[in-house]
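Results of the structural survey
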Amino acid sequence: MKPKFQKGNPGKPKGAKNKKTLKLRETITNFLDNNFKVIVEDFKKLDPKDRAKLYVDLLPYSISKLQSMTMDIQFENLSDQQLDEIIEKLKKASKQ
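Residues numbered from 1 in each chain as written. Predicted model: local features only at pLDDT ≥ 70, side-chain atom pairs only at ≥ 80, totals over all residues. Heavy atoms only, no water.

**Re the overall build of the chain**
What counts here: A run of H or I in DSSP becomes a helix once it reaches four residues, and a run of E becomes a strand once it reaches two; helices and strands are each numbered from the N terminus. Each residue is placed in one exposure class: buried if its accessible area under a 1.4 Å probe, protein chains only, is under 20% of its type's maximum, exposed if it is over 50%, and partly exposed if it falls in between. Reported accessibility uses the Shrake-Rupley method at a 1.4 Å probe radius. Residues are deemed covered only where the shown protein chains occlude them.
Summing up its helical and strand segments, the chain has four helices and zero strands in all. When the helices and strands of the chain are listed from N to C terminus, the series reads α-α-α-α. Residues counted as buried form 0% of the 96 residues belonging to the chain. If you sum the accessible surface of the chain, you get close to 10200 Å²; carbon and sulfur atoms cover 58% of it.

Take a look at the structure:
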């Protein structure tokens, strides 16, 4: 085994999960699963303002975060037909 931080020792592979973090996530998940009914009842007892705050605080754990997206399009290089197609697609997308 090569000592840490020496040439030729890549360290932890990219994307490797920390064992303590995985265990903690598993513990929290088990706690929530085993106490879900109690948590729901406690949630119902909260004041509306606190209930809304908790709901908003929990949302990021149930839905993916939206990421900004940039596009580098040279519109002056597109034909009129290509521009019309883009406009139509944007119109359709905005109606959904």
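**A closer look at the pattern of salt bridges**
As a reminder of what qualifies: Any carboxyl oxygen of Asp or Glu that lies within 4 Å of a side-chain nitrogen of Lys or Arg is treated as forming a salt bridge with it.
Under the definition given, this model contains three salt bridges. Lysine 44 is the salt-bridge partner of glutamate 41, the closest N and O atoms lying 3.6 Å from each other. One end of the pair, glutamate 41, and the other, lysine 44, are both in helix α2 (residues 36-45), three residues apart, so they sit about a helical turn from each other. One salt bridge connects lysine 91 with glutamate 88, and the closest N-O pair in it is separated by 3.6 Å. Of this pair, lysine 91 and glutamate 88 both sit in helix α4 (residues 80-95), three residues apart, which is roughly one turn of that helix. A relative accessible area of 43% places lysine 91 in the partly exposed class. Assessed through its relative accessible area of 41%, glutamate 88 is described here as partly exposed.

**Here we look at the environment of asparagine 35**
Using the following cut-off: Here a polar contact is recorded for every N or O atom pair within 3.5 Å, except that within protein the pair must consist of a potential hydrogen donor and a potential acceptor, and residues adjacent in sequence are included only if both atoms are side-chain atoms.
Among the secondary structure elements, asparagine 35 is positioned in the loop between α1 (19-34) and α2. What makes asparagine 35 partly exposed here is its relative accessible area of 26%. At 2.8 Å, the side chain of asparagine 35 forms a polar contact with the backbone oxygen of phenylalanine 31.

**Section: α1**
Rule in force here: Any helix carries an expected span of 1.5 Å times its number of residues minus one.
In this model, α1 (16 residues) spans 22 Å end to end at C-alpha, consistent with the 22 Å of a helix rising 1.5 Å per residue. The N-cap of α1, judged by a side-chain oxygen 2.7 Å from the amide nitrogen of lysine 20 a few residues on, is asparagine 18.

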